[in-house]
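# Observations on the model geometry
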There are 2 protein chains.
Amino acid sequence: MKIVSLARHEKASLSTRVWWWFEALPKRLTAKVIETASNTKKLAQDDPRRVTHSLKVGLALSLVSLFYYYQPLYDYFGDAAMWAIMTVVVVFEFSVGATIGKGLNRALATLLAGALGLGAHHLANLSGHIGEPILLGLFVFIQAATSTFVRFFPKIKARYDYGLLIFILTFSLISVSGFRDAKILDLAHKRLSTVLIGGSSCVIISILVRPVWAGEDLHNLITLNMEKLANFLEHPSVIEYFKKSENGDSNDDKSFLQGYKSVLNSKSNEESLANFARWEPCHGQFHFRHPWKHYLTIGTRTRECAYRIDALSGHLNSDIQAKPEICSKIQEAWTTMSLESGKCLRELACEVRAMTHPSSAKPHISKAKIAAKKLKLLLKSSLWEQDADLLAVIPSVTVASLLIDIVNCTEKIADSVLEFASLANFKSVDPTVSPEKSLVGQGEPDKPLT
Amino acid sequence: MKIVSLARHEKASLSTRVWWWFEALPKRLTAKVIETASNTKKLAQDDPRRVTHSLKVGLALSLVSLFYYYQPLYDYFGDAAMWAIMTVVVVFEFSVGATIGKGLNRALATLLAGALGLGAHHLANLSGHIGEPILLGLFVFIQAATSTFVRFFPKIKARYDYGLLIFILTFSLISVSGFRDAKILDLAHKRLSTVLIGGSSCVIISILVRPVWAGEDLHNLITLNMEKLANFLEHPSVIEYFKKSENGDSNDDKSFLQGYKSVLNSKSNEESLANFARWEPCHGQFHFRHPWKHYLTIGTRTRECAYRIDALSGHLNSDIQAKPEICSKIQEAWTTMSLESGKCLRELACEVRAMTHPSSAKPHISKAKIAAKKLKLLLKSSLWEQDADLLAVIPSVTVASLLIDIVNCTEKIADSVLEFASLANFKSVDPTVSPEKSLVGQGEPDKPLT
């Protein structure tokens, strides 16, 4: 049957094919619509703040439209009302920090460029009717070229890029349109006030109506990244690999282990959030001058740990599997190192999230380090002499070495969290339990490895 | 003397301190000016295209200012000339692709939103003078909220974010200002034509005057990243580490080895360049429908290799140094693996840069793989039984294992470059030399390890 219909398809005339295409169109369209709808629903469910943000933008725009509808306002501002609408569209960003940053950039740049533009206009005015356009053109050229070049400075680009764009725009508009408009001072004044009104309505709405704080997002991102690494290290199938690689049945739920991958490329996201957060006023748990920059240090160290985990993951997935008899000997040390590093990261994440002084993470690091020492001793012990086939040992030793690396990285993360806690004045909960004490209290978790 | 002056400083009155501050001001200002000047010089020397770009923006802005200066133009367009200036400021980006992308986005969004805005205005007009502002407000709200939400779709955000912004802006401006302006069709028409003129002058200048192609930048970035990894693998001090770690004198020029670090975080840069490149017309070696997306695949694999190199670098820098007597035994295999992987990456980079079919990289991979096999055999051999202290072997085995990983990653990169070459129709230079043949021809590079 299939072959017959295929042959018929090949022989079909163009008109028949077009007819088939149109016949299938409703089906394809329906499928597309259903797909888009489910995508939209997922996007909204993943982060419901997206829906709120969209409504907030609509609200702000409808509000500033009043400049046109409400007669007294229109009588005063006239067409300058346009700038309020424009400001709202361009300035209203997802987070409060980004909105304030853009609003301040726009307001200050408009003010400064407006003043300079007026100055340029005045200067050019002195040079007569023929010299004026030439001088104005020169001013615009020099100003645009200089400001564009300044935008390449990395530090300025990070914080004032938008301000410089508006600076170029306003300076050009004010100085050039001054050539035609006698009431240039009035123009500059109205434009500045509408920009200020538009910008402040954005900032007010973004703060009052379900605010999205970039600082909070950064805080959550950093803790979430630590938790993702913990998820990997504590994941049953990773632990299973260490415990029972003789079975070789740990190849099933590898997809659950990919969570850490997003940590590898989180740098740019973290940096922009930190930049936005610095514009934000104190809110929630975050006081004024919260050490936002320090989140980047923690983020960098978390990423370093993620690189090691990526290397480890490569080994868990590779064809070379460790020899079972070797694995069984060192499995306990492995398991302890992986589990305790994971627990430590999870505790750190919890403590950073709750903004309490990190104390419960230390015992886990100590345990992991003790396990690492044990592993080293074990490798040194005479146990191994009978099995000197190094090729069979390679995968195990590599995994062990990567785990030791991961323990070291975890310690570094803990150090930077500790430093961060003292910088941000985290509240102390129970700092009296020192890691040594807690270890003695709980007893050594591992049986002596013989 | 110092103590005396310090004491004097502490006791000094406020006025004296203010005086000192002002006294030191010129010195500090001079230092600051010198620093800024040297920074500026460095920024310009690092990439002279930045200077050209700044001048191009100045030129474009001065050109569109003619809308104000030249009487016949001003008579026709009037204040709509403002939109040409605004378009140039906002649309002119560093690369041709980004400029075309933004220009097209702006033009199409203005056209579409203008038409829809006119429709909304017409609809609202039908509902009488009281209903009109209410209906217009509703339209603006719905449109702004919907478009803002659509901007969250990742695929749309990557390519049409700016278009949607302009869509919201133009729709609001046209529909709302229509409430006041009877000549709304004239307004929409003039705005569209000035936007088109501004946008096309940006595109023309950015293409004609020393164009900066995003595609070329992406091409160079990818090859440079491969070369950075090659630099690490071929670096004398890395090779020295492998060769003579008994001397322990390889701690001096570690700073030269940091080049690969930038590869770790190049993802976002590569993605935006690939997005821009897709807007560009064919230019130089790049024909229409060049497989830009495939650069991202090569980039991802290069980054995976960089993660392994980062792990390796951690071991080269760590306190645990490999035992000299072990090193000397396996140094040749190590050196070969590192050098040949490096050479392979360098050849691949050269061939991608020249857009010739990759053939000379294969022999290097084969050599590296042979060295890896040798290393494995060596580790298996009886040589090791006399030295079964595994702790001392750990660093060497880990480094060896990471090197094997790096060889595998290099092979993956070579595979993706090969696939890319066939997709992009690279010209064949001399594909007759197969890796096996060439190996036989050159003889085995390593002496047999005994």
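Counting of residues starts from 1 at the beginning of each chain's written sequence and follows it residue by residue. Going through the entries in the order they are written, you letter the chains from A and number the ligands from 1. Where totals are concerned, whole chains, interfaces and linings use all residues; where local detail is concerned, this predicted model gives features only for residues with pLDDT of at least 70, and gives and counts side-chain atom pairs only at 80 or more. Computation of side-chain values covers all heavy atoms of the structure but excludes hydrogens and water.

Per an unreviewed UniProt entry, chain A goes by the name Aluminum-activated malate transporter 2-like and belongs to Quercus rubra. In its Subcellular location (unreviewed entry) section, the UniProt record describing chain A reads: "Membrane". UniProt positions are given in the numbering used here, feature names are shortened, and annotations may be inferred rather than shown by experiment.

Turning our attention to the packing of helix α8 (residues 128-150) of chain A against helix α9 (residues 154-177) of chain A. Residues and elements named next belong to chain A. Running from N to C, α8 and α9 cross one another at 175 degrees; their axes reach a closest spacing of 9 Å. Here α8 lies roughly antiparallel to α9, going by the angle between them. Taking contact as the criterion, the partners of Leu-136, Phe-139, Val-140, Gln-143, Ala-144, Ser-147, Thr-148 and Val-150 in α8 are, on α9, Ile-156, Leu-164, Phe-167, Ile-168, Phe-171, Ser-172, Ser-175 and Val-176. Residues belonging to the contact of α8 with α9 are distributed by class as follows: eleven nonpolar, five polar and no charged. A fitted line through C-alpha atoms serves as each axis, taken over the contacting stretch for helices, and the angle formed by two N-to-C directions is quoted from 0 to 180°. Every helix listed is a DSSP run of H or I at least four residues long, and every strand listed is a run of E at least two residues long, numbered separately from the N terminus. Just so you know how the angles are binned, under 35 degrees is roughly parallel, over 145 roughly antiparallel, 65 to 115 roughly perpendicular, and the rest oblique. Here, residues are in contact when the closest pair of their heavy atoms is within 4.5 Å. Side-chain classes follow a simple rule in which Ala, Val, Leu, Ile, Met, Phe, Trp, Tyr, Cys and Pro form the nonpolar group, Asp, Glu, Lys and Arg form the charged group, and the remainder, Gly included, forms the polar group.

Bringing the pattern of salt bridges into the picture now. For salt bridges, the criterion is a side-chain nitrogen of Lys or Arg within 4 Å of an Asp or Glu carboxyl oxygen. Summed over the entire model, instances satisfying the criterion amount to 32 salt bridges over all chains. With a closest N to O distance of 2.9 Å, Arg-49 of chain A and Asp-217 of chain A form a salt bridge. You can see Arg-49 of chain A sitting in helix α3 (residues 49-64) and its partner Asp-217 of chain A sitting in helix α11 (residues 214-234), a full 168 residues away along the chain. Whether a residue is buried, partly exposed or exposed follows from its accessible area with a 1.4 Å probe, protein chains only, as a fraction of its type maximum: under 20%, in between, or over 50%, in that order. The exposure class of Arg-49 of chain A is partly exposed, given its relative accessible area of 28%. Within this structure, Lys-261 and Asp-310 of chain A together with Arg-308 and Asp-405 of chain B form a network of salt bridges that share partners.

Geometry of aromatic contacts follows a simple scheme: Phe, Tyr and Trp rings, the Trp one being its six-membered ring, pair when their centres are within 6.5 Å, and the pair is stacked under 30 degrees between planes, edge-to-face over 60, tilted otherwise. Here the structure, examined in full by the defined rule, presents 29 aromatic pairs over all chains. Ring plane angle 35 degrees and centroid distance 5.7 Å describe the contact between Tyr-68 of chain A and Tyr-74 of chain A, whose orientation is recorded as tilted. Grouping residues by exposure puts Tyr-68 of chain A and Tyr-74 of chain A together as buried. With centroids separated by 5.3 Å and ring planes inclined at 85 degrees, the aromatic side chains of Phe-420 of chain B and Phe-426 of chain B adopt a geometry described as edge-to-face. Here the two residues Phe-420 of chain B and Phe-426 of chain B agree in accessibility, since each one is buried. Against the face of Trp-279 of chain B rests Arg-159 of chain B, its NZ or CZ located 4.4 Å from the ring centre. Definition used: whenever NZ (Lys) or CZ (Arg) falls within 6 Å of the ring centre and also within 35 degrees of the ring normal, the charge is taken to sit over that ring.

What follows covers the relation of the copies chain A and chain B. Taken as rigid bodies, chain A and chain B are interconverted by a rotation of 180 degrees and an axial shift of 0.0 Å, the fit giving an RMSD of 0.1 Å. Put plainly, the chains are arranged around a two-fold axis. Identified as the residue of chain A closest to the rotation axis by C-alpha distance is Thr-398 of chain A, at 2.5 Å. By residue overlap, the copies meet face to face through one surface: 100% of the interface positions of chain A are interface positions in chain B. Superposition of the copies was done by least squares, using only C-alpha atoms of residues whose pLDDT is at least 70 in both.

Residue and element names in this part refer to chain A. Summarizing the sequence annotation, UniProt attributes the feature "transmembrane region" (unreviewed entry) to residues 51-70, 82-100, 130-150, 162-180 and 192-213 in the numbering used throughout. Structurally, residues 51-70 comprises 90% helix and 0% strand, and the distance from its first C-alpha atom to its last is 29 Å. Structurally, residues 192-213 comprises 77% helix and 0% strand, and the distance from its first C-alpha atom to its last is 27 Å.

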